[in-house]
Amino acid sequence: WSNGSELGPSFQLAGLPGLEAAQCWLAVPLSAAYALALAANGAVLLAVRLEPGLHAPMYLFLCMLAAVDLALATATVPRVLSFYCFGLGEIGFGACLLQMFLIHALSAVESAVLLAMAVDRYVAICHPLRHAAVLTRGATAKVGLLAVARGVLFFLPLPLLLRPLPFCGSRLLSHSFCLHQDVMNLACANTTPSLVYGLAAILLVMGLDAVLICLSYALILRAVLRLQARRERLKVFGTCVAHICVVLAFYVPLIGLSVVHRFGKDLAPLVHVVMGNVYILVPAVLNPIIYGVRTKQIQRTILSLIRAPG
């Protein structure tokens, strides 16, 4: 087949196989989840901005997490909804590469923020006297900038490696948005450099972050178990529960999607589409809810905003 434009081929996004007639109705819960993600993450950002007591590194990192979740969901969900509701399932080559880059780069930023939050908890629990000196607002801002820079630098080569490849076969993707391996598999040329670099980037970024997060919590657990008072142990461990849940909400769908991509070729196409949507929306919806339930100050600030007249 011929290229969709001079800039490259266009691709066909995957809908819900066997449920095409009901896609518009099935877009309703997807829209509701997206609206909830926008409202909840926006509320967290506003609460931290307005409440001086929340201007600590832990909550500044939470703001970064909320901002990344908003960006990641906005980079994908509106395009998915336009497909499900209006049948706009074709995406241009340039738009596909841009979306692919944003998804992978923002995921890397989120992974880095989760690592920073784990280190913050480690320093606060294991070295409380040094916490204020080590994790200042300036240091927190630098960590955020480094997270963004790392995500961009590591994942910008992905679209650059795919850009010159010819696409002369099927143009049907496995998901309702563009992912690197999905687009790469449609190329009719040697994709080894792109495959090797993509795998190396994932392992060096998300893989290394996951190992360091586990190490941080292993050290925290060791410190907690050394505490004499049972009530104190429960209190300290309780401060980490929300972050552990947020880490699981990010890495479990990520691992699930990776497993489906690499070992699920015989699975029904619907599984690929559903796993992709879960990966994009579950962290964005759950993260602010988990922290909102766990953090009384965030609850009080949001409730005061809701009750405020006008």
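Keep in mind that this is a model prediction, so the values were computed, not measured. (Residues numbered from 1 in each chain as written. Predicted model: local features only at pLDDT ≥ 70, side-chain atom pairs only at ≥ 80, totals over all residues. Heavy atoms only, no water.)

In the structure shown here, the tally under the stated rule is two disulfides. Cys96 shares a disulfide with Cys178; S-S distance 2.0 Å. Around the S-S axis, the bridge from Cys96 to Cys178 shows a dihedral of about -120 degrees and counts as left-handed. Separated by 82 residues along the polypeptide, Cys96 in helix H3 (residues 93–126) and Cys178 in the loop between helix H6 (157–162) and helix H7 (180–184) bring together distant segments of the chain. There is a disulfide in this structure between Cys168 and Cys188, and the S-S distance comes to 1.9 Å. Linking Cys168 in the loop between H6 and H7 with Cys188 in the loop between H7 and helix H8 (192–225), this pair joins segments that are 20 residues apart in sequence. A relative accessible area of 47% means that Cys168 is categorised as partly exposed. With relative accessibility at 34%, the residue Cys188 sits in the partly exposed group. (Disulfide = S-S within 2.5 Å. Helix = DSSP H or I, 4+ residues; strand = E, 2+ residues; numbered from the N terminus. Buried < 20%, exposed > 50% of the residue type's maximum accessible area, 1.4 Å probe, protein only.)

With that settled, the discussion passes to the side chain of Ser216. Note on placement: Ser216 falls in helix H8. Not counting chain neighbours up to four residues away, the residues in contact with Ser216 comprise Ala118, Val119 and Tyr122. (Contact = heavy atoms within 4.5 Å.)

Before going further, it helps to spend a moment on the environment of Ser82. Here Ser82 shows up in helix H2 (residues 57–86). Spatially, the C-alpha atom of Ser82 lies 9.2 Å from that of Ala27, the residues being 55 residues apart in sequence.

So, about the packing of H2 against helix H10 (residues 269–294). The contact between H2 and H10 brings their axes to 9 Å, and the two run at 145 degrees. Crossing geometry of H2 relative to H10 is assigned as left-handed. Residues Met58, Leu62, Leu65, Asp69, Leu72, Ala73, Thr76, Val77 and Tyr84 of H2 touch H10, and the partners they reach there are Val273, Asn277, Ile280, Leu281, Pro283, Ala284, Asn287 and Tyr291. (Axes fitted to C-alpha atoms, helices over the stretch in contact; angles between N-to-C directions. Left-handed = near helix turned anticlockwise from the far one by under 90°.)

A few words now on the packing of H3 against H10. Here H3 crosses H10 at 30 degrees, and the two axes come no closer than 12 Å. What the angle tells us is that H3 and H10 run roughly parallel. At the point where H3 passes H10, the crossing takes the left-handed sense. Contacts between H3 and H10 involve Ile103, Ser107, Glu110 and Met117 from the former and Tyr279, Ile280, Pro283, Asn287 and Tyr291 from the latter. Class assignment of the residues belonging to the contact of H3 with H10 gives a composition of six nonpolar, two polar and one charged. (Parallel < 35°, antiparallel > 145°, perpendicular 65-115°, else oblique. Nonpolar A, V, L, I, M, F, W, Y, C, P; charged D, E, K, R; others polar.)

Mapped onto this numbering, the UniProt entry gives "transmembrane region" (unreviewed entry) at residues 25–47, 59–81, 101–123, 143–162, 195–224, 236–258 and 270–293. Regarding residues 270–293, the helix share stands at 100% and the strand share at 0%, and the terminal C-alpha atoms are separated by 33 Å. (UniProt positions renumbered as here; feature names shortened; annotations may be inferred.)

This brings us to the pattern of salt bridges. Summed over the entire model, instances satisfying the criterion amount to three salt bridges. Close ionic contact of Arg171 with Glu90 constitutes a salt bridge, the shortest N to O distance being 3.3 Å. Residue Arg171 is found in the loop between H6 and H7, and its partner Glu90 is found in strand E2 (residues 90–91); the two are separated by 81 residues along the sequence. By relative accessible area, Glu90 is classed as partly exposed at 44%. Of the charged contacts in the structure, one is a salt bridge between Arg121 and Asp120, with a shortest N-O distance of 2.9 Å. (Salt bridge = Lys/Arg side-chain N within 4 Å of Asp/Glu carboxyl O.)

Turning our attention to a nonpolar patch on the surface. A cluster of nonpolar side chains, Leu19, Leu26, Leu270 and Val274, forms an exposed patch at the surface whose accessible area comes to about 270 Å². By secondary structure assignment, the location of Leu270 is in helix H10. You can call Leu270 partly exposed: its relative accessible area is 30%. (Patch = residues over 30% accessible without salt bridge, like charges linked within 9 Å, V, L, I, M, F, W, Y side chains within 5 Å. Areas by Shrake-Rupley, 256 points an atom, 1.4 Å probe, with all protein chains shown as cover.)

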